[in-house]
Amino acid sequence: QVQLVESGGGVVQAGGSLRLSCAASGRTSFGTYTMAWFRQAPGKEREFVATIRWNTAITTYRDSVKGRFTISRDNAKNTVYLQMNSLKPEDTAVYYCAADVYGLGSVVVRNYDYWGQGTQVTVSS
């Protein structure tokens, strides 16, 4: 009942920036969801990147992106963002937006109820 569509991916040089967007549509109660970004590189498991709870003051980041990535949300627009700065080749992956309708703020893949199709981020060396 909820559709998530990511955008903003692309190819950038190391040290560059991208901003990803994820727009939710359908039957949503977006303001009560925990939203998250995950990523998956070829041959790797899908991994947590960042989460933001209904309380926008509560965010979580994996250690490797702290200080470089910022997650934010605009509930009026049903949209979550991931600002990525100082990108590194190791950040290359398909980035997925996910929604936890129960708002628990988990970093575990299995706890998320809806997923986007992903957007490719490629960072050249």
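Structure report, in brief.

**Concerning the overall build of the protein chain**
Here is step 1 of the chain: Counting its regular elements, the protein chain contains zero helices and 11 strands.
Here is step 2 of the chain: Radius of gyration (C-alpha) of the protein chain: 13 Å, near the 14 Å computed for a compact globule of 125 residues.
Here is step 3 of the chain: Along the three orthogonal principal directions, the C-alpha set of the protein chain runs to about 40 × 25 × 25 Å.
Here is step 4 of the chain: A burial count over the protein chain gives 40% of its 125 residues as buried.

**Concerning unusual backbone geometry**
Here is step 1 of the chain: Backbone geometry at Asn78 places phi at a positive 50 degrees, although glycine is not the residue there.
Here is step 2 of the chain: Of note, Asn78 is situated in the loop between strand E7 (69-74) and strand E8 (79-84).
Here is step 3 of the chain: Of note in this structure, Ser86 is not a glycine but carries a positive phi near 50 degrees.
Here is step 4 of the chain: Inspection of the secondary structure assignment puts Ser86 in the loop between E8 and strand E9 (93-100).
Here is step 5 of the chain: What makes Ser86 partly exposed here is its relative accessible area of 40%.

**What to know about the pattern of salt bridges**
Here is step 1 of the chain: For the structure shown, the criterion picks out six salt bridges.
Here is step 2 of the chain: The residue Lys77 makes a salt bridge to Asp74 at a minimum N-O spacing of 3.4 Å.
Here is step 3 of the chain: Judged by its relative accessible area of 55%, Lys77 is exposed.
Here is step 4 of the chain: Judged by its relative accessible area of 24%, Asp74 falls in the partly exposed class.
Here is step 5 of the chain: One connected set of salt bridges, linked through shared partners, spans Arg39, Glu47, Arg62, Arg68 and Asp91.

**What to know about the packing of aromatic side chains**
What describes a pair of aromatic rings is the distance from one ring centre to the other and the angle between the planes of the rings.
Here is step 1 of the chain: If you walk through the whole model with that rule in mind, you get four aromatic pairs.
Here is step 2 of the chain: For the pair Tyr112 and Trp115, a centre-to-centre distance of 6.3 Å together with 65 degrees between the ring planes defines the contact as edge-to-face.
Here is step 3 of the chain: Judged by relative accessible area, Tyr112 falls into the buried class, the value being 6%.
Here is step 4 of the chain: Taken together, Phe38, Phe48, Tyr112 and Trp115 form an aromatic cluster joined through their ring pairs.
Here is step 5 of the chain: The lysine or arginine in question, Arg46, covers the ring of Tyr96, its NZ or CZ lying 3.8 Å from the ring centre.
Here is step 6 of the chain: It is Arg73 that lies over the ring of Phe30; its NZ or CZ is 4.7 Å from the centre.

Reading the values: rules and limits
Residues numbered from 1 in each chain as written. Predicted model: local features only at pLDDT ≥ 70, side-chain atom pairs only at ≥ 80, totals over all residues. Heavy atoms only, no water. Helix = DSSP H or I, 4+ residues; strand = E, 2+ residues; numbered from the N terminus. Rg over C-alpha atoms; globule rule 2.2 N^0.38 Å. Buried < 20%, exposed > 50% of the residue type's maximum accessible area, 1.4 Å probe, protein only. Salt bridge = Lys/Arg side-chain N within 4 Å of Asp/Glu carboxyl O. Phe/Tyr/Trp six-rings, centres within 6.5 Å; stacked < 30°, edge-to-face > 60°. Lys NZ or Arg CZ within 6 Å of the ring centre and 35° of its normal.

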